[in-house]
Amino acid sequence: MIDQISLPDLITLGLIGLMVVIGLLLLRRTGALVPGQEQSRQQEALREGLVRLETRMGDLVGASDTREQALRLEFARNREEISKALTALSDTVRRLGADQTAQQQQFRDKLDEKMRELRAENAAKLDDMRKTVDEKLQTTLERRLTESFKTVAERLESVQKGLGEMQTLATGVGDLKRVLTNVKSRGTFGEVQLELLIQDILTSDQYIANYDCGRTTGERVEFGIRLPGTEEPVFLPVDAKFPTEDYERLLGAVELGDAAGIDAAAKALEIRIRKFAKDIADKYINPPATADTAILFVPTEGLYAEILRRPGLFEALQRDFRVTVAGPTNFQALLSTIRLGFRQAALAERAGEVWTVLGAVKKEFEKYGRQIEQMGKSLSAVQNHVDKLETRKRAMLRALKGVESVSEGDADRLLENRANEDDRDDDTDGHNGDHKDDG
């Protein structure tokens, strides 16, 4: 029952009960202070308040029942309305579902029809494309196969040529290896390369092979290159050296990464190069027949680079032995410089000849001037003769002024006839003279 009372009613009842309790507490506290009659009156008033409270409680409970019935009726009406609304909504949803199903079916049918048409059209187009692609593929394949076979044939031909060249190269490498395994052959290899470089740049009168350096001891340097600009012939000694063993040991140590081996091989190579330079200085440097320096030629750029890499070796050879190390490239540059020196010397020698030729040309030009002067005098005499003939012509024309002129054609005919008659007369006189001689 109390659970069905509304919240405002419960608050009101709680306030009333609180007032009653407060009144009882006050009555109990004041009961000992007031006389018995006054206490009776207060108790009576309290009982009346309780009766009123009970009455109020009854009224509140009745109002709560009434309100509960009204709420139940309202809830019933709401449930009925909601049920009707749900029923209507369900009917609407069913109708919409049926319409949607019909529309979906129609759409599905149309979509199926369009898909069938599209598949048929795509199939036809794919057939056409397949035919076109097959034709193009066939043509392209044939062309590519033809080109590929042609390329393969060319490549095979190139490979065959390359194999032949490799075989030739292998033969040459074998020959070179055999050359390099022999000490004398190695010297020959460097000498041949040196000779080729000299022959390509200098003329035969600018160097001497196996030059004796002005000595009678029999020691001969491989080549003596004549230096330009000297009155007496002075030759630059050039000797080729190729320390193969030391250089190969150095390369092997470098490939292995052996630091100790690299250092040992480099020192051995330096010692060998110093020995070569000392031999060249002692045997081939002989001023004034030779220059006061010589060339140590090494036939590979790698060996030349290793010599340059040794600290101070290049300068020490020049300072101690007056020997300069040269590789193929810088030796070729040295030969080009020497050739330019020869050309400059030749130009200097021919400068005097040029002046002599110019003097002769001057003399001939003076003669030519005198002849021109004489020709001018002759031309003046001819001009005087021409002027005199012109004067006589004018005099003759004045004398013939009264004679009538004939046309040019008539004049030509008359003169031609007269010339023919003169020829006949000359022939007649000639025959008569012959007969007289015969008599």
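**Describing the pattern of salt bridges**
Applying the stated criterion across every chain, the model contains 16 salt bridges. In this structure, the salt-bridge partner of Arg310 is Glu270, at a minimum N-O distance of 3.0 Å. Pair noted here: Arg310 is in the loop between helix H6 (301–309) and helix H7 (313–321) and Glu270 is in helix H5 (residues 259–284), with a separation of 40 residues, a long-range link. Assessed through its relative accessible area of 16%, Glu270 is described here as buried. Among the charged side chains, a salt-bridge network with shared partners connects Asp246, Arg249 and Arg272.

**Thoughts on the nonpolar core**
Counting 30 residues, the largest nonpolar core has Ile273, Leu296, Leu303, Ile307, Leu317, Val323 and Val325 as the members making the most contacts within it. Broken down by element, this core gets its largest block of residues, nine residues, from H5. Apart from the residues lying within four places of it in its own chain, the contact partners of Val325 are Leu296, Val298, Tyr304, Ile307, Phe314, Leu317 and Asn330. Residues Leu202, Ala240, Leu335 and Ile338 belong to the second largest nonpolar core, which totals 20 residues.

**Some remarks on the packing of aromatic side chains**
On inspection of all chains with the given rule, the structure shows three aromatic pairs. Centroid distance Tyr211 to Phe235: 4.6 Å. Interplanar angle 40°. Geometry classified as tilted. Pair noted here: Tyr211 is in strand S1 (residues 207–211) and Phe235 is in strand S3 (residues 235–240), with a separation of 24 residues, a long-range link. In this structure Tyr211 comes out as buried when scored by relative accessible area, which is 9%. Residue Phe235 is classed as buried on the basis of its relative accessible area, which comes to 9%.

**Describing the packing of helix H4 (residues 244–256) against H5**
Where H4 meets H5, the axes come as close as 8 Å, and the angle between the chain directions of the two elements is 160°. On the basis of the axis angle, H4 is roughly antiparallel to H5. The handedness of the crossing between H4 and H5 is left-handed. On the side of H4, the interface is formed by Asp246, Tyr247, Arg249, Leu250, Ala253 and Val254, while H5 contributes Gly261, Ile262, Ala265, Ala266, Ala268, Leu269 and Arg272.

**Points about the sheet that holds S1**
Spatially, S1-S2-S3-S4-S5 is the arrangement adopted by the five strands of the open sheet, whose pairing is mixed. For this open sheet the edge positions go to S1 and strand S5 (323–326), each flanked by a neighbour on one side alone. Strand-to-strand twist of the sheet, defined as the mean angle between neighbouring strand axes without regard to direction, takes the value 30°. As paired elements, S1 and strand S2 (residues 221–226) share four bridges and run antiparallel to each other. Counterpart to Tyr207 in the pairing with S2 is Ile225.

**A few points about H4**
A rise of 1.5 Å per residue sets the reference length of H4, with its 13 residues, at 18 Å; its end C-alpha atoms lie 18 Å apart and thus fit the reference within 8%. Three or more residues of H4 are buried, namely Thr244, Asp246, Tyr247, Leu250 and Ala253. Among the residues trailing H4, Gly257 stands out with phi positive, at a value near 70°.

**Description of the pairing of strand S4 (residues 294–297)**
In S4, alternate side chains face the same way, and those of Ala294 and Leu296 on one face and Ile295 and Phe297 on the other are all buried. Pairing analysis gives three bridges linking S3 to S4, with the strands arranged parallel. Opposite Val238, over in S4, you have Ile295 as the bridge partner. Sheet topology note: the S4/S5 ladder contains four bridges and is parallel. Residue Ala294 lies in a different strand from S5, and its bridge partner there is Val323.

**Re the side chain of Glu306**
Assignment of secondary structure puts Glu306 in helix H6. We classify Glu306 as buried; its relative accessible area is 17%. Excluding its chain neighbours within four sequence positions, the residues that come into contact with Glu306 are Tyr247, Leu250 and Leu269.

**Some words on the confidence of the model for the chain**
When pLDDT is averaged along the chain, the result is 78, and 78% of the positions lie at 70 or above. Within the chain, the lowest mean pLDDT, 61, falls on helix H9 (residues 408–438), and the highest, 94, falls on S4. Taken as a whole, residues 179–186 scores under 50 in pLDDT and shows twelve contacts with residues more than four places along the chain or in a different chain.

**Observations regarding the side chain of Asp246**
By the element assignment, Asp246 lies in helix H4. There is a polar contact of 2.3 Å between the side chain of Asp246 and the side chain of Arg249. Ignoring sequence-local partners within four residues, the contact set of Asp246 consists of Ala265, Ala268, Leu269 and Arg272.

About the cut-offs
- Residues numbered from 1 in each chain as written.
- Predicted model: local features only at pLDDT ≥ 70, side-chain atom pairs only at ≥ 80, totals over all residues.
- Heavy atoms only, no water.
- Salt bridge = Lys/Arg side-chain N within 4 Å of Asp/Glu carboxyl O.
- Helix = DSSP H or I, 4+ residues; strand = E, 2+ residues; numbered from the N terminus.
- Buried < 20%, exposed > 50% of the residue type's maximum accessible area, 1.4 Å probe, protein only.
- Core = buried A, V, L, I, M, F, W, Y, C linked by side-chain atoms within 4.5 Å.
- Contact = heavy atoms within 4.5 Å.
- Phe/Tyr/Trp six-rings, centres within 6.5 Å; stacked < 30°, edge-to-face > 60°.
- Axes fitted to C-alpha atoms, helices over the stretch in contact; angles between N-to-C directions.
- Parallel < 35°, antiparallel > 145°, perpendicular 65-115°, else oblique.
- Left-handed = near helix turned anticlockwise from the far one by under 90°.
- Pairing = 2+ DSSP bridges.
- Expected span 1.5 Å × (residues − 1).
- pLDDT = per-residue confidence, 0-100.
- Polar contact = N/O pair within 3.5 Å; in protein donor to acceptor, adjacent residues only side chain to side chain.

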